[in-house]
Every structure is written in structure tokens, then in C-alpha cells.
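# Structural features, examined
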Amino acid sequence: MTRVWQWNRPVTVREVLEDLQQERSIAYTTVMTVMDNLHQKGWVRREVEGRAYRYTAVSTRAAYSAALMNEAWSRSDNPAAALVAFFGMMSPEQRESLQAAVRIVQDDVVSDAPQDTAQDTAQDDRPLPDDREQRAGEELPAERPADDGTSPGR
């Protein structure tokens, strides 16, 4: 998934294989199986191009990470304690990212508030809430690359 997310375009098994082989020896069939598994799990969609498939990510890396965090948090019997423990594990850079993300969400709450007049709405050039992820990617530090790129989050 790392390769598919990094390239942000449809990719073939051969392209992923060649990229991975720069780091380690890996068989074509291994990459093909992983890509097929990702397709079966709904992580990528594929389209036939000639005799090969081109695979495209169904969601972004940020959306995948958010879903993992939400799942872990929702399983806690004490969500507040889980968050405190999680924040305690963060590096200073990660805490800065968290603060930037909170600012984005707070800005969205303000921009979602009803406007006094139509003129105020027309003059409001702040981004709409739907672009949170794009703004987060611009304002937050980039994610660290994963080690092998053969499974989501890796």
C-alpha cells in the first residue's frame, strides 16, 4: 500500500515489484498475491490494461490511519484514559501535529457556523470542511515511510 499511496496513481504489479526489488529480493507472484489480497479486502480497485491490472488505492493513507486510530480508541473501556496515555507516548513533533490538527477542526467548526448575511458567506474564502485531509497534509509533518509496502500501514 505504501507504494500505491506514494505514487498516487494506478500501478501495476510489475512496477511495485521493481520498486521493492531495489530493497530486497522478492518474487513477482508474492507481489501479485499481496495486490490481489488488497483488492479482495477492498483496499485497492483494479482495472484491466492489456494483460495486466492497474491498481488504485480506494482511500488515502491518512484516512486509513484515522480509521485504525478510531477503531482502537472505540474499543477502550475508558476513552479519555486511552487518549491521555496515547498523547503521553507522542514525540514533540507528533504533539505539534496534533495541535495543528485540532486547529483545523476548530476552524472548520467556526466556518460551519451560520453566517449573518449572504454577503458574509460570499466573502468567506476559507476552505470548506471537505478538504480537511488536504489541509492537514499541507500543515502537518509528513508521515514516516513504512518498511516494506506490502500491507496497509506498512
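For the structure given in this document, a descriptive report is provided here. Since the model is a prediction, treat every value here as computed from it, not as a measurement.

## Regarding the pattern of salt bridges
Tallied over the full model, the rule gives seven salt bridges. For Arg9, the salt bridge identified is with Glu15, shortest N-O distance 3.3 Å. Exposure remark for Arg9: the relative accessible area of 35% places this residue in the partly exposed category. Residue class for Glu15 comes out partly exposed when judged on its relative accessible area of 23%. Here Glu49 makes a salt bridge to Arg54, at a shortest N to O gap of 3.0 Å. For Arg54, a relative accessible area of 22% puts it in the partly exposed group. A single salt-bridge network, built from bridges that share partners, covers Arg9, Glu15, Glu49 and Arg54.

## Thoughts on the nonpolar core
Formed by 17 residues in total, the largest nonpolar core has its most connected members in Met1, Val11, Val31, Met35, Leu38 and Tyr55. Elements supplying a minimum of two residues to this core: α1 (2-7), α2 (13-20), α3 (28-40) and β2 (52-57). The contacts of Val31, once residues within four sequence positions are left out, are Val13, Val16, Leu17, Leu20 and Ile26.

## Things to note about helix α6 (residues 92-112)
Here α6 is 21 residues long and its end C-alpha atoms lie 30 Å apart, about the 30 Å a rise of 1.5 Å per residue gives. Taken together, the buried positions of α6 are Ser97, Ala100, Ile104, Asp108 and Ser111. Down the axis, α6 shows its buried residues gathered within 85° of arc, on one side only.

## Side note on the environment of Leu98
Residue position: Leu98 is located in helix α6. For the pair Leu98 and Phe87, spaced 11 residues apart in the sequence, the C-alpha separation amounts to 9.0 Å. With sequence-adjacent residues up to four places away left out, Leu98 is seen in contact with Phe87 and Met90.

## Here's the deal with unusual backbone geometry
Notably, Asn8 is not glycine yet its phi reads approximately 50°, a positive angle. Within the secondary structure, Asn8 sits in the loop between α1 and α2. Among the residues examined, Asn8 registers a relative accessible area of 68% and is labelled exposed.

## A short note on the pairing of strand β1 (residues 44-49)
Two faces, one strand: in a regular strand the side chains alternate between the faces of the sheet. As paired elements, β1 and β2 share six bridges and run antiparallel to each other. Bridge pairing in β2 places Glu47 opposite Arg54. Turn length for the β1-β2 hairpin, with the two strands adjacent in sequence and antiparallel, is two residues, and the turn residue Gly50 shows positive phi of about 65°.

## Remarks on the packing of aromatic side chains
In total, this model carries four aromatic pairs according to the counting rule given. With centroids separated by 6.2 Å and ring planes inclined at 50°, the aromatic side chains of Phe86 and Phe87 adopt a geometry described as tilted. Residue Phe86 is classed as partly exposed on the basis of its relative accessible area, which comes to 37%. Looking at Phe87, the relative accessible area reads 32%, which means it is partly exposed. Through pairs of rings, three or more aromatic residues link up here, namely Trp5, Trp43 and Tyr64. Lying over the aromatic face of Tyr53, Arg46 brings its terminal NZ or CZ to 4.1 Å of the ring centre.

Scoring rules and cut-offs
- Residues numbered from 1 in each chain as written.
- Predicted model: local features only at pLDDT ≥ 70, side-chain atom pairs only at ≥ 80, totals over all residues.
- Heavy atoms only, no water.
- Salt bridge = Lys/Arg side-chain N within 4 Å of Asp/Glu carboxyl O.
- Buried < 20%, exposed > 50% of the residue type's maximum accessible area, 1.4 Å probe, protein only.
- Core = buried A, V, L, I, M, F, W, Y, C linked by side-chain atoms within 4.5 Å.
- Helix = DSSP H or I, 4+ residues; strand = E, 2+ residues; numbered from the N terminus.
- Contact = heavy atoms within 4.5 Å.
- Expected span 1.5 Å × (residues − 1).
- Arc of directions from axis to C-beta.
- Pairing = 2+ DSSP bridges.
- Phe/Tyr/Trp six-rings, centres within 6.5 Å; stacked < 30°, edge-to-face > 60°.
- Lys NZ or Arg CZ within 6 Å of the ring centre and 35° of its normal.

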